[in-house]
2 protein chains.
Amino acid sequence: MIEFWFEFASTYSYPAAMRIEKVAGAAGLDVVWKPMLLGPLFQAQQGLKDSPFNAFPVKGRYMWRDLERTCIDDGLPLNKPAIFPQNGLKAARIVLALPLSARPDFVRAVYRANFVEGEVISDDGFLEGLLIRLGHSPDGVMARASSDAVKAELKKNTEEAAARGVFGAPTFFAPDGEMFWGNDRLEQAVRWARKVKNVSMDTKVDAT
Amino acid sequence: MIEFWFEFASTYSYPAAMRIEKVAGAAGLDVVWKPMLLGPLFQAQQGLKDSPFNAFPVKGRYMWRDLERTCIDDGLPLNKPAIFPQNGLKAARIVLALPLSARPDFVRAVYRANFVEGEVISDDGFLEGLLIRLGHSPDGVMARASSDAVKAELKKNTEEAAARGVFGAPTFFAPDGEMFWGNDRLEQAVRWARKVKNVSMDTKVDAT
């Protein structure tokens, strides 16, 4: 198992979301998809009210170029969105309103909408249309997504991320709690998670 | 050719300095060693008066753990320095006071002193002792290092870095000006620099 903590506004979470099942799957690991909100973390930890890539344009210019190179290497399309960062609150709540098995396809579709297709991912019409395309009943899902239970779960995720030392996305956790930040740490995180898993299996064998 | 822009206080510049000649050399590339100061860049670009790893402890905690993993993977020793960030001004000026061929050994020795041996790298006695160990005449080098010409050259380096979009270290530039930030981008930067070089050589061949 490897935990994948993401935020829909996060640029490097896009390539990570697109490739994590392949990279983790090749190592025999399941992915646990954990949506969170970065805004509260940026504000509490760094006093930022905007993306660091907007607050510090020199970092933003580099990030967009670096992301472009990363996407070319991964064979992924990329179109810089007109709005950045987009508000991913509703989409993150919808993730939690969907069955576990339906979440990866929805997450990838929202990242494509944000970073390729130029959609406004906070728009109810867009989100309902996407749910229909993916075979879901939009009314039921949208109602669950705005329930107190789902709102509380997303808030809890974000608080848990802060408590565990998350400060950006994507962030990966191995089962022993080891944390890895950044799309460029995915392979290392998967190696670590596999090593931990194998040690744990060896221990079980020894214990019988 | 690949340009390696570094600052002696920069943690990730340590593993980069230790491996860049091997990685670049395997691709047939020379390394151009470019000392700079990050303090003025952090202040001008982000309003920071300290390392971001001190200003934002949640990022600092992760960085030290991530650096530890990187050093283990690279077979490099690491001892977290008591002082962080250390003042690398004098050491950076000494780099520019040394002949080109002597710079890499001096740079690596200062990084080891900072991140392994617990030395105070701004201390004159330490710097003179290191110069002696490396076979230099400390008086002559120290005098050149505090000359107006060398002071101006380091200032110019730092201004050039800012003008070219540098915001952290290590930063690598390929001959076409393509910029790569971070020890974890070294291999990509070297691939890019080699590709640019080969294109340039092809063009020359075509032109004859």
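It is worth spelling out helix α4 (residues 57-74) of chain B at this point. Residues and elements named next belong to chain B. Look at α4: 25 Å from first C-alpha to last across 18 residues, which is about the 26 Å you get at 1.5 Å a residue. For α4, the full list of buried residues reads Val58, Lys59, Gly60, Tyr62, Met63, Trp64, Asp66, Leu67, Arg69, Thr70 and Cys71. Gly75 lies just past α4 and shows a positive phi near 70 degrees.

We now examine the relation of the copies chain A and chain B. At an RMSD of 0.0 Å, chain A and chain B line up after a rotation of 180 degrees and a shift of 0.0 Å along the axis. A rotation of that kind, with that shift, is consistent with a two-fold axis. No C-alpha of chain A approaches the rotation axis more nearly than that of Asp184(A), which lies at 3.9 Å.

As a further point, take the confidence of the model for chain A. Predicted confidence across chain A gives a mean pLDDT of 95, with 96% of residues reaching 70 or more. Scoring the predicted complex yields pTM 0.94 and, for the interface, ipTM 0.92.

Here the focus is the interface of chain A and chain B. In this complex, chain A contributes 22 residues to the contact, which on the side of chain B involves 22 residues. Looking only at chain A, the three residues that lose the most surface to chain B are Val58(A), Tyr62(A) and Arg69(A), adding up to 26% of its buried area. The tally of links between chain A and chain B comes to 8 salt bridges. When residues of the side of chain A that touches chain B are traced back to their parent elements, those giving at least two are α2 (39-46), α4 (57-74), β4 (179-181) and α10 (186-207) of chain A. The greatest single-element share of the side of chain A that touches chain B, amounting to 7 residues, is contributed by α4(A). Within the side of chain A that touches chain B, the residues separate by chemical class into 10 nonpolar, 4 polar and 8 charged.

With that settled, consider the sheet that holds strand β4 (residues 179-181) of chain B. Residue and element names in this part refer to chain B. Here we have 4 strands laid out as an open sheet, ordered β2-β1-β3-β4, and mixed in their pairing. Every interior strand has two partners, whereas the edge strands, β2 (31-35) and β4, have only one. With direction set aside, neighbouring strand axes in the sheet form an average angle of 20 degrees. Bridge analysis of strand β1 (residues 2-6) against strand β3 (residues 171-173) gives 3 bridges, and the strand direction is antiparallel. When the bridges of β3 are listed, Trp5 appears paired with Thr171.

Calculation notes
Residues numbered from 1 in each chain as written. Chains lettered and ligands numbered in written order. Predicted model: local features only at pLDDT ≥ 70, side-chain atom pairs only at ≥ 80, totals over all residues. Heavy atoms only, no water. Helix = DSSP H or I, 4+ residues; strand = E, 2+ residues; numbered from the N terminus. Expected span 1.5 Å × (residues − 1). Buried < 20%, exposed > 50% of the residue type's maximum accessible area, 1.4 Å probe, protein only. Least-squares fit on C-alpha atoms with pLDDT ≥ 70 in both. pLDDT = per-residue confidence, 0-100. Contact = heavy atoms within 4.5 Å. Buried area = accessible area lost by both parts, 1.4 Å probe. Salt bridge = Lys/Arg side-chain N within 4 Å of Asp/Glu carboxyl O. Nonpolar A, V, L, I, M, F, W, Y, C, P; charged D, E, K, R; others polar. Pairing = 2+ DSSP bridges. Axes fitted to C-alpha atoms, helices over the stretch in contact; angles between N-to-C directions.

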